[in-house]
Structure formats: C-alpha cells, structure tokens
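# Secondary and tertiary structure notes
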Amino acid sequence: MPYDDVMTDPTADNDPRPVEPIEPDLNECCGNGCCPCVFDTYAEEKRSWQQALKAWEERHPDQVKDTATP
C-alpha cells in the first residue's frame, strides 16, 4: 500500500479512538467567576470529543462497543 493510502485509510493505526477529556475536580475551580472557568473549558472539550467520537465510530463501525448492555 502506498504511503499516501496509509495516511488516508481510516482503518489504519493512524486513526485512534478519540480520548474522552477528564472532568476537573471541584477544587480546580477558584469560584471567582473566571471566564472561561475550568468547567466551561471542560464542557467545550467534551462537546468536541463527542463529535469526534461520533465521526470515529462512523469510520469504524466494527469497533463500536454496544453501550446498551451493562
């Protein structure tokens, strides 16, 4: 497989599953109304992750875990 094909092949190892951002501890917020607050930043990162994960799952349907069952 030519190098260019490896870079665009979504099944290749170069397309890892997006990593969920880590929620900040309550102690990480100073409570002074900062803009953006660490929780605002986390919420934006979480939304971006959810979109990236959805796109990744569409590219890798065989690797999607069944979340309906515990």
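Going by the structure above, here's the rest.
The sections below set out a description of the structure shown in this document. (Residues numbered from 1 in each chain as written. Predicted model: local features only at pLDDT ≥ 70, side-chain atom pairs only at ≥ 80, totals over all residues. Heavy atoms only, no water.)

## Some thoughts on the overall build of the protein chain
What counts, and what does not: Put simply, DSSP H or I for four residues or longer makes a helix, DSSP E for two residues or longer makes a strand, and each gets a number counted from the N terminus. Only protein chains enter the area calculation, which uses a 1.4 Å probe; residues under 20% of their type maximum are buried, those over 50% are exposed, and those in between are partly exposed. For this analysis, residues touch if any pair of their heavy atoms sits within 4.5 Å. Each accessible area is a Shrake-Rupley result for a 1.4 Å probe, and residues are judged covered by the shown protein chains and nothing else.
A count of helices and strands for the protein chain gives two helices and zero strands. Put simply, the protein chain has 70 residues, and 16% of those count as buried. Partitioning the contacts of the protein chain with sequence separation of at least 6, the portion at a separation of at least 24 is 52%. Accessible surface computed for the protein chain: about 5900 Å², of which carbon and sulfur atoms make up 54%.

## Considerations on the environment of Ala 52
Checked against the element boundaries, Ala 52 lands in helix H2 (residues 38-59). For Ala 52 and Pro 18, which are 34 residues apart along the polypeptide, the C-alpha to C-alpha distance reads 6.6 Å.

## Focus on the pattern of salt bridges
Applied cut-off: Whenever a carboxyl oxygen of Asp or Glu lies within 4 Å of a side-chain nitrogen of Lys or Arg, that contact is scored as a salt bridge.
The full count for this structure, using the stated rule, is four salt bridges. In this structure, the salt-bridge partner of Asp 15 is Arg 59, at a minimum N-O distance of 2.9 Å. With a gap of 44 residues between them, Asp 15 in the loop between helix H1 (3-8) and H2 and Arg 59 in helix H2 connect regions that are remote in the sequence. Where Arg 17 meets Glu 57, a salt bridge forms, and the shortest distance between an N and an O atom there is 3.8 Å. A residue pair is termed long-range when its members are at least 10 positions apart, and Arg 17 in the loop between H1 and H2 and Glu 57 in helix H2 qualify at 40 residues. Residue classification places Arg 17 among the partly exposed positions, given a relative accessible area of 34%.

## What about the side chain of Asp 15?
Operational definition: Whenever a nitrogen or oxygen atom comes within 3.5 Å of another N or O atom, the pair is scored as a polar contact, on the condition that within protein one atom can donate a hydrogen and the other can accept it, and that pairs from neighbouring residues in sequence are kept only if both atoms are in side chains.
Judged by relative accessible area, Asp 15 falls into the buried class, the value being 15%. Polar side-chain contacts of Asp 15 include one of 2.9 Å to the side chain of Arg 59.

Honestly, it's all geometry; don't read function into it.
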